[in-house]
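# Understanding the architecture of this molecule
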Amino acid sequence: MKFWKMNGAGNDFVVLNNLEEHLPVDALPGIARTLCERRMSIGADGLMVVDAPTQGGDYKMLFFNSDGSVGEMCGNGARCICRYGYENGLAGERQTVETTAGIVTGQRMDQRLYRIRLNDPTTVKLDCPVVVDGVQYACSYVELGNPGIPHAVVPYHDLKNADENELRELGRAIRWYSAFPKGANVNFYEITGEDRIFERTFERGVEDFTYACGTGTGSLVTVLTLQGKVSGHGVKVDMTGGQLIIDAQRDHSRIASLYLTGPTNVVCKGEVTDEDLVIPGM
């Protein structure tokens, strides 16, 4: 079984091509759990699988979190998969990718820089405070695509110097908050300059902080654009793994389009030889 290991601003993935491997779809969650476990296998935030299109796209992207749960879509993953698609001859410099949350279009900017149109915001609640251990925190709630990718957006003072364990416990509490029907990815942020933000995301399915989150960054800029705190044009978001750029086109009280631009990195290509990997039916 051949694989690529890629990352987008530190958000890392194992990529498999099911057009060649013909793996049973019901085996993919178990494959994700095995291959994504750090120290024991390749290690990654998630597994991405390229498969045959069913809706007129160039190909389909199936995404699984490291715990084996299905992810509706992954922004940094989609940018990486666009590079994979281009370099493997599955699509041209402009491409259409089918995801569980809807169609995503991608564009190659140069060898490593890729830009995608994120799924449109389908739910936006700008004022959705949460209460954790008796303390109320300002919060907004956004879903991208349909079915929606759920994101909580939470301002946090002096985020760069926050206590890691305290922030993780707060992220975990908000991730499972009862008002969020599907749980939520939790995006803590601090505005550091004009159209400049620092962000940390506690990701559902990874159950910890990741180095970057593309859909989280898009959700964050959606909220701040609608609140008038950023322009929505070329907004730079810094995270542990690097910088992503968001363009959000505002149409009165909604975001009409949302674009994510950032780097990709092909870390290695190889063959899976993990002796703990068991694939039922094969």
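Whatever comes next refers back to the structure up there.
Here is a short report on the structure shown in this document. The model shown is predicted, which means the values in this text are computed figures rather than measured ones.

Residue placement: E199 occurs in strand β15 (residues 196–203). Notably, E199 is buried but unbridged: the nearest opposite-charge side chain belongs to R200, and the N-O separation is 9.7 Å. Engagement of the side chain of E199 in a polar contact is seen with the side chain of T201, the distance being 3.3 Å. For E199, the residues in contact, after removing those within four places along its chain, are L159, N187, F188, Y189, G216, T217, L220, V237, D238 and M239.

Every buried residue belonging to helix α2 (residues 28–35) is among L28, I31, A32 and L35, and all of these are buried. The buried residues of α2 all sit within an arc of 100 degrees when viewed along its axis, so they share a single face. On its buried face, α2 sits against β2 (11–17), β3 (46–51) and β4 (59–65).

A word on unusual backbone geometry. Going from N146 to P147, the amide bond is cis rather than trans, its omega being 5 degrees. Along the chain, the position of P147 falls in the loop between β12 (140–144) and β13 (149–155). The phi torsion at A9 lies on the positive side, around 55 degrees, for a residue other than glycine. Its place among the elements puts A9 in the loop between β1 (2–8) and β2. Unlike most non-glycine residues, D158 shows phi in positive territory, near 55 degrees. Relative to the helices and strands, D158 is located in the loop between β13 and α4 (164–175). D158 gets classed as partly exposed once you look at its relative accessible area, which sits at 34%.

Quick look at the pattern of salt bridges now. By the definition in use, this model includes 16 salt bridges. Here R117 and D120 are joined by a salt bridge, their closest N and O atoms 3.2 Å apart. The class of R117 is partly exposed, set by a relative accessible area of 26%. For R168, the salt bridge goes to D208, with nearest N and O atoms at 2.9 Å.

Moving on, we get to the pairing of β3. Most of β3 sits out of view: 6 of its 6 residues are buried. Judged by which residues are buried, β3 turns out to be covered on both faces: G46, M48 and V50 on one side and L47, V49 and D51 on the other are all buried. Pairing between β2 and β3: 5 bridges, direction parallel. From the neighbouring strand, N17 faces β3, where its bridge partner is V50. Pairing of β3 with β4, which is carried by 6 bridges, proceeds in the antiparallel orientation.

Thresholds, definitions, all that
- Residues numbered from 1 in each chain as written.
- Predicted model: local features only at pLDDT ≥ 70, side-chain atom pairs only at ≥ 80, totals over all residues.
- Heavy atoms only, no water.
- Helix = DSSP H or I, 4+ residues; strand = E, 2+ residues; numbered from the N terminus.
- Buried < 20%, exposed > 50% of the residue type's maximum accessible area, 1.4 Å probe, protein only.
- Lys, Arg positive; Asp, Glu negative; His and termini not counted.
- Salt bridge = Lys/Arg side-chain N within 4 Å of Asp/Glu carboxyl O.
- Polar contact = N/O pair within 3.5 Å; in protein donor to acceptor, adjacent residues only side chain to side chain.
- Contact = heavy atoms within 4.5 Å.
- Arc of directions from axis to C-beta.
- Pairing = 2+ DSSP bridges.

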